[in-house]
Amino acid sequence: MMLKGALIGAGFFAQNQMHGWAGIEGVEIVAVCDRDPARRDKTAARFGARPYADAAEMLAAEALDFVDIATTVASHRPLVERAAAAGVHVICQKPFAGTMTDARAMIAAVDTAGKTLMVHENFRWQSAVRAAIDALRGGAIGQPFFGRVSFRSGYDVFSGQPYLATDPRFIIQDLGIHILDVARALFGDVATLSATTRRINQGIRGEDVATMLLEHESGVTSVVDCSYATRRQPETFPETLLEIDGDGGTLRLDAGYRLVIQTAGEQVRDVAPPVLPWAEQPWHNIQESVQIIQQHFVDCLRAGVQPETSGHDNLKTLALVEAAYRSAADRTRIDMRAAE
Ligand code: NAD
Ligand code: 89Y
């Protein structure tokens, strides 16, 4: 059966989501909603969907199976609650919520409607990152005891996403959220977290450097380090780099999408993502993961199971974001069992 969806928010990143949907069998995006007429009409015309200015009007007029919310965080709660009231499944972009209270309210609304809620937390679905996750879970280096999950770049993200320069919170809420989520996917849930932050670029409002130390329930200690103030060559945006030590060897995801596994011998794999026909470097890595997570959502709907990054799951990633800001402000180490 064909699944009918609608996009809400037709801005910078949503174009990737529309291209992603166009590549997925059995899904049709029939409507596009944005308050901005130019964005709405351009995106609707480009992808052959009906344009709407108002989400409530669209939900009333269209017979939808799901909505894909690609707006920024402030509008997520009203839009998710409205979608839940209309009885449709929901995908919502990260950061899912600005507060834990909003996150819990959105989860409860979709649960009450008996529908599925997935947060578009796509970095753990990047094919290079997924190759590392699969190798680790498959026991390639035995039991891990240490991990570094690292994202350091000097790429100008502000020209495409100007709100990143003016929001009070920057790197942890925008990008660190993904890197913390990858750490969870690799090493499991977190027992304690401590963090430091800095603002190096004085032209922005929030922090552009964050260094976080995580103690996982599994016994792994990980360092999650993020920077948008790092000028280096090669510029690795938007690669997440990994260094993992296990009792049977080491695993690295090096710059240039090189997966290196050293045990008795050494195995080196090129895990570079494909550049999909609509994608462009260097974003192709993220763009491919959009289509992969959308396919995962469709597969879960059809199988009647929860997506890996369901709303419930994402509460744990959001709690790490909140804990990181608190730890950095108070210079404390946060016990996550008391923080969710
Ligand atoms: P954007 O500002 O370019 O686009 C958002 C659009 O939503 C705007 O066109 C705005 O008019 C519209 N909008 C806002 N509220 C609305 C409402 N109530 N009804 C209808 N339209 C509404 O933002 P963006 O840069 O595309 O980012 C969107 C989200 O995607 C952000 O949360 C961002 O963090 C996220 N993002 C995710 C990734 C990823 O890899 N997962 C990458 C980039 C951005
Ligand atoms: O918004 C961010 C994201 O989710 O991935 C990269 C990004 O576009 C800029 O940090």
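Treat the numbers as computed from the prediction; the structure is a model and nothing was measured.

Backbone torsion omega between Q233 and P234 reads 0°, so that peptide bond is classified as cis. Here P234 lies in the loop between β10 (221-227) and β11 (241-246). In this structure, the amide linkage connecting Q281 to the following residue, P282, adopts the cis form with an omega of 5°. With respect to the helices and strands, P282 occurs in the loop between β14 (266-270) and α9 (284-303). Positive phi, close to 60°, is recorded for Y257, a residue that is not glycine. With respect to the element layout, Y257 can be found in the loop between β12 (249-254) and β13 (258-262).

Among the seven residues that make up β10, five are buried, leaving the element largely enclosed by the rest of the structure. Relative to β10, strand β7 (residues 144-152) runs parallel, the two being bridged by seven bridges. Directly across from S150, in β10, lies its bridge partner D225. Alignment of strand β9 (residues 209-216) against β10, held across seven bridges, turns out to be antiparallel. Of the residues in β10, the one forming a bridge with M212 is V224. Between β9 and β10, which follow one another and run antiparallel, lie four residues, and G219 among them has a positive phi close to 100°.

Attention shifts here to the environment of A85. Along the chain, A85 turns up in helix α4 (residues 76-85). Among the residues examined, A85 registers a relative accessible area of 70% and is labelled exposed. Residues A85 and I133, 48 residues apart in the sequence, show an inter-C-alpha distance of 36 Å.

Once that is clear, we can look at the site of ligand 2. The immediate surroundings of ligand 2 are formed by K94, F123, V157, Q161, D174, H178, Y228, W283 and I286. Interatomic distance of 2.9 Å between a side-chain N/O atom of K94 and an oxygen atom of ligand 2. In the environment of ligand 2, an oxygen atom lies 2.6 Å from a nitrogen or oxygen atom belonging to the side chain of H178. Protein chains bury 92% of the 270 Å² of accessible surface belonging to ligand 2 in isolation. If you map ligand 2 onto the pockets, it falls in the largest pocket.

Moving on, we get to the sheet that holds strand β2 (residues 27-33). Pairing in this open sheet of six strands is parallel, and the strands run β3-β2-β1-β4-β5-β6 from one edge to the other. Edge positions in the sheet fall to β3 (50-52) and β6 (117-120), since each of these pairs with one other strand and no more. Within the sheet, the average angular offset between the axes of one strand and its neighbour, ignoring direction, is 25°. Where strand β1 (residues 3-8) meets β2, six bridges bridge the pair, whose relative direction is parallel. Residue pairing across strands places L3 opposite V27, the latter belonging to β2. Strands in contact with α4 are β1, β4 (66-69) and β5 (89-93); relative to β5, the strand with the most contacts, it is inclined by about 170°.

Two numbers describe a pair of aromatic rings. These are the distance of the centres and the angle of the planes. One pass over the full model with this rule turns up eleven aromatic pairs. For the ring pair F66 and F297, a centre distance of 5.6 Å and an interplane angle of 65° mean the geometry is edge-to-face. Taken together, the residues span a long stretch of sequence, with F66 in strand β4 and F297 in helix α9 at a distance of 231 residues. The class of F66 is buried, set by a relative accessible area of 0%. When its relative accessible area of 0% is taken as the criterion, F297 is described as buried. In textbook terms, an aromatic cluster arises when at least three aromatic residues are bridged by ring pairs, as seen for F12, F151, Y155, F158, F170, Y228, F237 and W283. Positioned above the aromatic ring of W125 is the side chain of R130, whose terminal nitrogen or guanidinium carbon lies 3.9 Å from the ring centre.

Here we take up the layout of surface pockets. Gaps left between atoms show up when a probe the size of a water molecule is rolled over them. In this model, the largest pocket occupies a volume close to 1,100 Å³. As for the largest pocket, its lining consists of 49 residues, of which A70, T71, T72, V73 and Y163 are closest to the centre. Of all the elements in the fold, those that place two or more residues in the lining of the largest pocket are α1 (14-22), α3 (55-61), α4, α7 (163-166) and α8 (171-187). Here the lining of the largest pocket is built from residues that sort into 27 nonpolar, twelve polar and ten charged. Two domains each put at least three residues into the lining of the largest pocket: domain 1 (3-115) and domain 2 (124-280 + 316-338). Forming the boundary of the second largest pocket are F12, Q15, N16, H19, R46, W278, E280, W283 and Q287. By residue number, the principal contributor to the lining of the second largest pocket is α1, which donates three residues. The residue makeup of the lining of the second largest pocket, split by class, is three nonpolar, four polar and two charged.

Each value, and the rule that gives it
- Residues numbered from 1 in each chain as written.
- Chains lettered and ligands numbered in written order.
- Predicted model: local features only at pLDDT ≥ 70, side-chain atom pairs only at ≥ 80, totals over all residues.
- Heavy atoms only, no water.
- Helix = DSSP H or I, 4+ residues; strand = E, 2+ residues; numbered from the N terminus.
- Buried < 20%, exposed > 50% of the residue type's maximum accessible area, 1.4 Å probe, protein only.
- Pairing = 2+ DSSP bridges.
- Near = heavy atom within 4 Å.
- Polar contact = N/O pair within 3.5 Å; in protein donor to acceptor, adjacent residues only side chain to side chain.
- Areas by Shrake-Rupley, 256 points an atom, 1.4 Å probe, with all protein chains shown as cover.
- 1 Å grid on protein atoms, 1.4 Å probe; cavity = no way out; pocket = protein on both sides within 12 Å on 5 of 7 lines; lining within 4 Å.
- Sits in = over half its atoms within 2 Å of the grid points.
- Axes fitted to C-alpha atoms, helices over the stretch in contact; angles between N-to-C directions.
- Contact = heavy atoms within 4.5 Å.
- Phe/Tyr/Trp six-rings, centres within 6.5 Å; stacked < 30°, edge-to-face > 60°.
- Lys NZ or Arg CZ within 6 Å of the ring centre and 35° of its normal.
- Points joined across faces, edges and corners; volume = space filled by probe spheres on them.
- Nonpolar A, V, L, I, M, F, W, Y, C, P; charged D, E, K, R; others polar.
- Domains from an automatic or database assignment.

Any link to function would need more than the numbers given here.
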